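Below are the chains, spelled out letter by letter.
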Amino acid sequence: MSKKFPDFVPPTKVAFLDRGATLHLRQCTMTGLEGLEGEWTFEKDEIRIGSMDDNDVVVRDDTVSRYHCKIVQEDTGYVLVDLRSTNGTFINKVRIREGFLKPGCTLGVGQSQMRFNARENEVPIVPSRSDRCGGLIGGNARMREIYTILERIAPTNTTVVIEGETGTGKEVVAQTIHGLSPRKGKELVVFDCGAVPPNLIESELFGHEKGSFTGAVMTRQGLFELADGGTLFLDELGELPLDLQPKLLRALEQREIRRVGGAKANKVDVRIIAATNRNLEDEVRAGRFRQDLFYRLSVVRLRLPALRERIDDLQSLVPHFLKIMGYNRDADGNPRVRGVSREAMAALATYAWPGNVRELVNVMERAVSFADGEILEIADLPDVIREIRRTAPVRALTSEARAASAGATPRPPDELLADGVTFKDAKERWVSSFERDYLVSLLKRHGGNISHAAREADIDRKYFRKLMKKYEVEAAGVVVDAPDDDDEVG
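On a predicted model such as this, the values are computed, not experimentally measured, just so you know.

**Quick word on the overall build of the protein**
Along the protein, the regular secondary structure elements total 14 helices and 26 strands. For the protein, the proportion of its 490 residues judged to be buried stands at 49%. Sequence-distant contacts, at least 24 apart, represent 59% of the contacts inside the protein between residues at least 6 apart. As displayed, the protein offers around 25,300 Å² of accessible surface, 49% of which is attributable to carbon and sulfur atoms.

In structure tokens, the structure reads:
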């Protein structure tokens, strides 16, 4: 579905509606007039017109220069720019050097005429079939929806705000957008708004002139100038001081900056991608973020899901990190760890991951350093992950016991409720008592076969043996399966 606008076309934008994400995509069309045949439709930021074959619109006309003019997509519309052509560029038969194009106007190059039109095209977002996009990994439906959006908005000049918890991969999204854009040959400049003292942020972003303040011993370019022609990624945008936000707004609207202490404004061609773990709407209501800057930035807003919301992606992320991370290499460059046991993967899937993908990377590095063989075991994981996994069978058993007792509430022994017994001590003794009884019961049920008992408990056999050793449980008088070479025998 598409609709035409009489005077302007809104920029490319993503809307998250009840029926799903929808991309409102800005498009322009040129239709040949008066003997010039053809129709051309574009979504890109810059369209070149001329007689040479490497132009986007090729016009075979002796009055048209080799590189005659270009159409540039800006936030407020389309601008026609003459490229010093011999016979001129026209809007509605008025010769121009640079001018805005309105839908329905006539565009003239030499003696050839075209009708210019623009529209907003509403495109439903269909999740990508791929399980990765640039540096992003995962086949979860929400992630595949994001891949589709990134592929459509990357070729445009659209400002993007990436929202999400710390560690969800916002910088990787920025790198992916830049890598898929026509700007990929230029710099992706990264600036963390929360890592620089507030009194230095203006100088870092916009540069300064020599002598403009104490310590300014030489003229220095700011990050906007360094990113000219490329992309500037503003991380932790919510940390930007309130008094600097109007200057950022001006840079976004005018595409020009003024150095600290400078008298001249410099034009810059920069795409802005910003990221924040704050809710900017809440920040606006609290008066900590300017409303006009918020609306100016909120062209495309992407929310990255937390890792716990796409826990199925662990099956892709874990092998990926083992494959690419330098910490999993021996002296010859070969992988030290090649896989993860079923029990260890189940433990990773049980954990809530408050630090998201960044925490997963750290956990994998730690686990690899503890691993003895080519397979990561649950014993190699941090205590907090192992403990959560160990309580899972307890919850299941408690539920069954409650059902069997027709609503009776389990009660700890009286000695654990006596005066002077702390909550921590009582809890540890009650859980330990359960774990020992649980091990003994399983071993009896399986005739001392540790493999079968561990399989029913859904824990690794190596870890099962460690629990036996911890609680001094022996399989005496029954047949015990032969241990693996790397198993500890309790």
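Once you've had a look at it, read on.
**So, the nonpolar core**
Counting 43 residues, the largest nonpolar core has Leu-348, Trp-353, Leu-360, Leu-381 and Phe-464 as its most contacted members. Those elements that provide at least two residues to this core are α8 (314–324), α9 (342–350), α10 (356–370), α12 (423–445), α13 (450–457) and α14 (461–470). Of all the elements, α10 adds the most residues to this core, at seven residues. Not counting chain neighbours up to four residues away, the residues in contact with Phe-464 comprise Leu-439, Leu-442, Leu-443, Ile-450, Ala-453, Ala-454 and Ile-459. In terms of nonpolar packing, the next biggest core, distinct from the first, is built from 30 residues, Leu-237, Leu-248, Val-270 and Ala-274 among them.

**Observations concerning the environment of Val-161**
Structurally, Val-161 can be placed in strand β16 (residues 160–163). Considering only alpha carbons, one finds Val-161 and Ser-298, 137 residues apart in sequence, at a separation of 6.5 Å. The residues contacting Val-161, other than those within four sequence positions of it, are Ala-274, Leu-280, Leu-297, Val-300, Arg-301 and Leu-302.

**Observations regarding the packing of aromatic side chains**
The final tally for this structure, using the stated rule, is four aromatic pairs. Look at Phe-206 and Phe-224: their rings are 5.5 Å apart centre to centre, the planes differ by 15°, and that puts the pair in the stacked class. Of this pair, Phe-206 sits in helix α3 (residues 198–206) while Phe-224 is found in helix α4 (residues 223–226), placing the two residues 18 residues apart along the sequence. Taking the relative accessible area as the measure of exposure, Phe-206 reaches 5% and is therefore buried. According to the relative accessible area criterion, Phe-224 is buried, its value standing at 1%. In this structure, Arg-366 packs its charged tip against the face of Phe-370, placed 4.1 Å from the ring centre.

**Side note on the packing of α8 against α10**
Relative orientation of the contacting elements α8 and α10 amounts to 50°, with a least axis distance of 10 Å. Comparing the axis directions of α8 and α10 gives the class oblique. Both α8 and α10 take part in a crossing whose hand is right-handed. The residues of α10 that touch α8, namely those facing Leu-314, Leu-317, Val-318, Phe-321 and Leu-322, are Val-357, Leu-360, Val-361, Met-364 and Val-368. Split into classes, the residues belonging to the contact of α8 with α10 amount to 10 nonpolar, no polar and no charged.

**A look at the sheet that holds strand β17 (residues 188–192)**
Spatially, β17-β20-β23-β16-β24 is the arrangement adopted by the five strands of the open sheet, whose pairing is parallel. At either margin of the open sheet sits one strand with a lone partner, and together these are β17 and β24 (300–303). Neighbouring strand axes in the sheet, compared pairwise and without regard to direction, differ in orientation by 20° on average.

**Examining the sheet that holds strand β6 (residues 57–58)**
In spatial order, the strands read β6-β5-β7-β8-β11; together these five strands make up an open sheet with mixed pairing. The open sheet has two edge strands, β6 and β11 (98–101), and neither has a second partner.

**Thoughts on the side chain of Gln-113**
Turning to its location among the elements, Gln-113 is positioned in strand β13 (residues 112–124). Not counting chain neighbours up to four residues away, the residues in contact with Gln-113 comprise Thr-31, Gly-32, Leu-33, Glu-34, Leu-36, Thr-106, Leu-107 and Gly-108.

**With respect to the confidence of the model for the protein**
In this model, the protein carries a mean pLDDT of 82, and residues with pLDDT of at least 70 account for 86%. Element-level pLDDT for the protein is lowest in strand β1 (residues 2–4), with a mean of 41, against a maximum mean of 96 in strand β9 (residues 89–91). Contacts of residues 394–409 to residues separated by more than four positions or lying in other chains number six contacts, the stretch itself having pLDDT below 50. The low-confidence segment residues 476–490 (pLDDT under 50) makes 27 contacts with residues lying over four places distant or belonging to another chain.

**So, α8**
Within α8, burial applies to Leu-314, Leu-317, Val-318, His-320, Phe-321 and Leu-322. Where α8 is buried, its residues meet β14 (132–133), β15 (136–137), β25 (339–340), α9 and α10.

**Brief notes about the pairing of strand β23 (residues 271–276)**
Counting buried positions along β23 gives six out of six residues, so the element sits mostly inside the fold. Burial along β23 is two-sided: Arg-271, Ile-273 and Ala-275 facing one way and Ile-272, Ala-274 and Thr-276 facing the other are all buried. Pairing of β16 with β23, which is carried by four bridges, proceeds in the parallel orientation. Pairing of Val-161 across the sheet is with Ala-274, part of β23. Relative to β23, strand β20 (residues 231–235) runs parallel, the two being bridged by four bridges. Counterpart to Phe-233 in the pairing with β23 is Ile-273.

Definitions and cut-offs
Residues numbered from 1 in each chain as written. Predicted model: local features only at pLDDT ≥ 70, side-chain atom pairs only at ≥ 80, totals over all residues. Heavy atoms only, no water. Helix = DSSP H or I, 4+ residues; strand = E, 2+ residues; numbered from the N terminus. Buried < 20%, exposed > 50% of the residue type's maximum accessible area, 1.4 Å probe, protein only. Contact = heavy atoms within 4.5 Å. Areas by Shrake-Rupley, 256 points an atom, 1.4 Å probe, with all protein chains shown as cover. Core = buried A, V, L, I, M, F, W, Y, C linked by side-chain atoms within 4.5 Å. Phe/Tyr/Trp six-rings, centres within 6.5 Å; stacked < 30°, edge-to-face > 60°. Lys NZ or Arg CZ within 6 Å of the ring centre and 35° of its normal. Axes fitted to C-alpha atoms, helices over the stretch in contact; angles between N-to-C directions. Parallel < 35°, antiparallel > 145°, perpendicular 65-115°, else oblique. Left-handed = near helix turned anticlockwise from the far one by under 90°. Nonpolar A, V, L, I, M, F, W, Y, C, P; charged D, E, K, R; others polar. Pairing = 2+ DSSP bridges. pLDDT = per-residue confidence, 0-100.

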